[in-house]
Amino acid sequence: MSYPKLSALTAGMMLAFTAQAAEVEVLHWWTSGGEAKAAAELKKTMEGKGHKWKDFAVAGGGGENAMTALKSRVVSGQPPAAAQIKGPAIQEWGEEGVLSSMDSVAKKEGWDKLLPPVVSNVMKYKGQYVAAPVNVHRVNWLWVNPELLKKANAKVPATIDELFVTMEALKKAGIQPLAYGGQPWQDSTVFESIALGVGGADFYQKAFVKLDAAAIKSPTMIKALDTYKKLKPYTDKNAPGREWNLATAMVINGKAAMQFMGDWAKGEFLAAGKVPGKDFLCVAAPGTEKAFTFNIDSFVFFKVPSKDAEKGQQDLASALMSPAFQQTFNLNKGSIPARTGLDMAKFDDCGKKSSTDFSASAKGNTLVPSWAHGMAMRSATQGAMYDVISQYWNDDKMTAQQAADKLAAAAKVM
Ligand code: BGC
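Predicted, not measured: the structure shown is a model, and the values here were computed from it. (Residues numbered from 1 in each chain as written. Predicted model: local features only at pLDDT ≥ 70, side-chain atom pairs only at ≥ 80, totals over all residues. Heavy atoms only, no water.)

Draft legend 1. Up close: the overall build of the protein. Regarding its fold elements, the protein presents 19 helices and 13 strands. Compactness check: the protein gives a C-alpha radius of gyration of 23 Å against a globular reference of 22 Å for 414 residues, within 12% of the reference. Here the C-alpha coordinates of the protein stretch approximately 90 × 45 × 40 Å along the principal axes. By the burial criterion, 56% of the 414 residues in the protein qualify as buried. In the protein, the proportion of contacts linking residues at least 24 apart, taken out of those at least 6 apart, comes to 77%. Summing over all exposed atoms, the protein offers an accessible surface of approximately 17,600 Å²; the carbon and sulfur share of this is 55%. The positive charge centre, built from 48 side chains, and the negative charge centre, built from 40, are 2 Å apart in the protein. (Helix = DSSP H or I, 4+ residues; strand = E, 2+ residues; numbered from the N terminus. Rg over C-alpha atoms; globule rule 2.2 N^0.38 Å. Buried < 20%, exposed > 50% of the residue type's maximum accessible area, 1.4 Å probe, protein only. Contact = heavy atoms within 4.5 Å. Areas by Shrake-Rupley, 256 points an atom, 1.4 Å probe, with all protein chains shown as cover. Lys, Arg positive; Asp, Glu negative; His and termini not counted. Charge placed at Lys NZ, Arg CZ, Asp CG, Glu CD.)

Draft legend 2. Looking closely at the sheet that holds strand β11 (residues 292-295). Read from one edge to the other, the open sheet built from three strands follows the order β7-β11-β13, with strand pairing classed as mixed. Both edges of this open sheet fall to β7 (137-138) and β13 (367-369), since each of them pairs with a single strand only. (Pairing = 2+ DSSP bridges.)

Draft legend 3. Examining the nonpolar core more closely. Within the largest apolar cluster, 80 residues are counted, with the highest numbers of intra-cluster contacts made by Phe191, Met221, Tyr228, Leu231, Met258 and Trp371. Counting residues per element, this core draws most heavily on helix α10 (residues 184-209), at 11 residues. Residues in contact with Met221, not counting those within four places in the same chain, are Phe191, Phe203, Ala207, Phe208, Ala215, Ile216, Ala404 and Leu407. Core analysis: the next-biggest nonpolar cluster, separate from the first, contains 63 residues, Met67, Leu99, Phe301 and Met344 among them. (Core = buried A, V, L, I, M, F, W, Y, C linked by side-chain atoms within 4.5 Å.)

Draft legend 4. Layout of the sheet that holds strand β9 (residues 258-260). Pairing within the open sheet is antiparallel, and its three strands lie in the order β9-β8-β10. Looking at strand neighbours, the two that pair on one side only are β9 and β10 (281-284), the edges of this open sheet. Across the sheet, the axes of successive neighbouring strands diverge by a mean angle of 25°, strand direction being ignored. Two strands pair when backbone bridges link them, and strand β8 (residues 141-144) and β10 are joined in this way by four bridges, in the antiparallel orientation. By the bridge assignment, Leu142 is partnered in β10 with Val283. (Axes fitted to C-alpha atoms, helices over the stretch in contact; angles between N-to-C directions.)

Draft legend 5. Quick peek at the pairing of β11. In β11, alternate side chains face the same way, and those of Phe292 and Phe294 on one face and Thr293 and Asn295 on the other are all buried. Pairing of β11 with β13 involves three bridges; the strand directions are parallel. Looking at the pairing, Phe292 lines up with Leu367 of β13.

Next up, the structure:
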């Protein structure tokens, strides 16, 4: 083979192997202050790899609006390259036959070794990776404004009984005890933490993961529902419909003392320049110190029409799992990396606590999936449960027994 021929061949191969920069469209619902900062890191990472980022952001905490938008795009045959989808919903999309496998990237990078099984299992459909995880959020947190508690001479509640003592003291001191956002996903987020505090991890597993009818109708569930409803007098009249980040802003600005919310709330405190341990406290939701409700954000990949687009997806998958991205993204997002073994030195005390508690709860069998955040049940079941909890919260005449019966019926919706 003569020299000129060889160089022509090499050039040809180069052309074949160097994919063009792709436009990568990514659906997500990260639009609040802290969330947007984290999403910007993702965009920066992809642009750094020479791809064009096409933002498909659909506002609305918890992602219900985003999922509606996604369905109509997939039905019309124009799915985005990737979408923020989590938990059992990944399987549901897999069943539709519209997902693209990222197994080649996952195998090359050894994802099976980098992820705890509780995470990697969720990312696979029929044994192949179709999603990449970016974080682990903890849902069972209480966010506290320590200055307001001090004013009321109240202590940070560790148990459910203490919670009511603290809320009463705050109320007497003329301070709004709870920052509450009355939207279905938020109602269930708060109820989930209360149920865990009242019943513990075993009860939670039986009722919300196994969907065991006896547990759903048990006296423990009745107690959990009663306790949840007792929070209502400690919320304000503008709670209905309030977005979660506006509720967090009430704690940030000293308008309310505490909020039950996952650690995406920390992203809001940080974006407002607040310092954990000083301006705000993160403590386990009362009665749940030993347990951990996990919520893993992940991106699912859809079948795309061209090789360039596929290359863009593979680069995205690889970027999402890279140590640098998992660190920077999670420092902004309030969560911890999904990858194990990353250095937590740059994380604040809330992040460090989350990481330690994640491992400890996995060992102690008290690590449970957040059902309110789509990690425990099929989406239709979850939607039916949401409806019951919100109806119960809003209807003062509905009893805990009636709500428990309705939950048992909702658990059968598939
Ligand atoms: C997601 C978080 C998000 C939160 C509020 C949760 O379901 O996992 O990433 O910040 O909803 O929108």
